[in-house]
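Here is what each chain is made of, one letter per residue.
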Amino acid sequence: IGDAVEAAWERNRFPIVLSRSGYVSLGVIDALGERTGVVWASGRGDYRKGGWLQRKSLDQSSLALLTGRAKRDKLAVRPTPANGARVIALGTDRGSDSEHRAMMEDGIRTVPAREVDRLASEVEETEADGWYLHVDCSLLARASVPGADDAMERGLDPARLTDAAPGGFTGR
């Protein structure tokens, strides 16, 4: 994934990665580098890390792996953690209180889905060289992604996300 994303980026193309799992974002950030900003749009927190006796599933820890809060495997070619100060978690409403506290400790900005219009200003306030937008179906309205397992009945309309995103990403 990282090689394909890097090749697209070098040709001034906007890479789009479609996947069923959030942990593919690891390859994207490995390719784009640590100065890349991340908008993590998900209905879940995805910010858990494994304990001493129990390892969390990749789906429960994707964002934690991405920022380095959770430990990555040793198979990554060039593991690059995303800096928490360059991460915006959009709509992690179903995340636990402990996940939200950990995000705050790591400098991650959180924006509730109902406040998606704040996204552009949050993006402008970060110092990132480029942006990666990760959209998980768990944030979206079920009517817009009928085949998704965990979309929300009253989730975010993709049109609202589309309207909110361009202002903050222009020129980045």
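For the structure, check the block above.
**Here's the deal with the pattern of salt bridges**
Next, step 1: Inspection of every chain in the model, using the stated rule, returns twelve salt bridges.
Next, step 2: For glutamate 105, the salt bridge goes to arginine 69, with nearest N and O atoms at 3.4 Å. Within this pair, whereas glutamate 105 is found in helix α4 (residues 97-105), its partner arginine 69 is found in the loop between α3 (58-67) and β2 (87-90), the two being separated by 36 residues in sequence.
Next, step 3: Classification of glutamate 105 by relative accessible area gives exposed; the value is 59%.

**Side note on the nonpolar core**
Next, step 1: Ranked by internal contacts, the top residues of the largest apolar core, which has 21 residues, are Val38, Tyr47, Leu63 and Leu66.
Next, step 2: Those elements giving two or more residues to this core turn out to be α2 (25-32), β1 (36-41), α3, β2 and α4.
Next, step 3: By residue number, the principal contributor to this core is α2, which donates five residues.
Next, step 4: Grouped together as the second largest cluster of nonpolar side chains are 16 residues, Leu90, Ala113, Val116 and Leu139 included.

**Notes on the sheet that holds β1**
Next, step 1: Here four strands make up an open sheet; going across it, the order is β3-β2-β1-β4 and the pairing parallel. The open sheet is flanked by β3 (109-111) and β4 (130-135), the only strands paired with a single partner. The mean angle between the axes of side-by-side strands here comes to 15°, regardless of whether they run parallel or antiparallel.
Next, step 2: Where β1 lies against β2, four bridges are found, and the strand directions are parallel. Residue valine 39 lies in a different strand from β2, and its bridge partner there is isoleucine 88.
Next, step 3: In this fold α2 packs onto β1 and β4, with an angle of close to 175° to the strand it touches most, β4.

**What to know about the side chain of threonine 80**
Next, step 1: Locating threonine 80 in the fold gives a position in the loop between α3 and β2.
Next, step 2: With residues near it in sequence (within four places) discarded, threonine 80 still touches Ile29, Asp30, Gly33, Glu34, Leu66 and Arg72.

**Description of the pairing of β2**
Next, step 1: Across the two faces of β2 the burial is the same, with Val87 and Ala89 and Ile88 and Leu90 all buried.
Next, step 2: Relative to β3, β2 is paired through three bridges, and the arrangement is parallel. Along β3, the bridge assignment pairs leucine 90 with valine 111.

**Brief notes about helix α1 (residues 2-10)**
Next, step 1: Looking at α1, one finds that the buried residues are Gly2, Val5 and Ala8. Viewed along the axis of α1, the buried residues span an arc of 130°, placing them on a single side of the element. Exposed residues on α1 whose side chains face more than 90 degrees from its buried face are Asp3, Ala4 and Glu10.
Next, step 2: Tucked into the core, α1 has its buried residues touching α2.

Calculation rules
Residues numbered from 1 in each chain as written. Predicted model: local features only at pLDDT ≥ 70, side-chain atom pairs only at ≥ 80, totals over all residues. Heavy atoms only, no water. Salt bridge = Lys/Arg side-chain N within 4 Å of Asp/Glu carboxyl O. Helix = DSSP H or I, 4+ residues; strand = E, 2+ residues; numbered from the N terminus. Buried < 20%, exposed > 50% of the residue type's maximum accessible area, 1.4 Å probe, protein only. Core = buried A, V, L, I, M, F, W, Y, C linked by side-chain atoms within 4.5 Å. Pairing = 2+ DSSP bridges. Axes fitted to C-alpha atoms, helices over the stretch in contact; angles between N-to-C directions. Contact = heavy atoms within 4.5 Å. Arc of directions from axis to C-beta.

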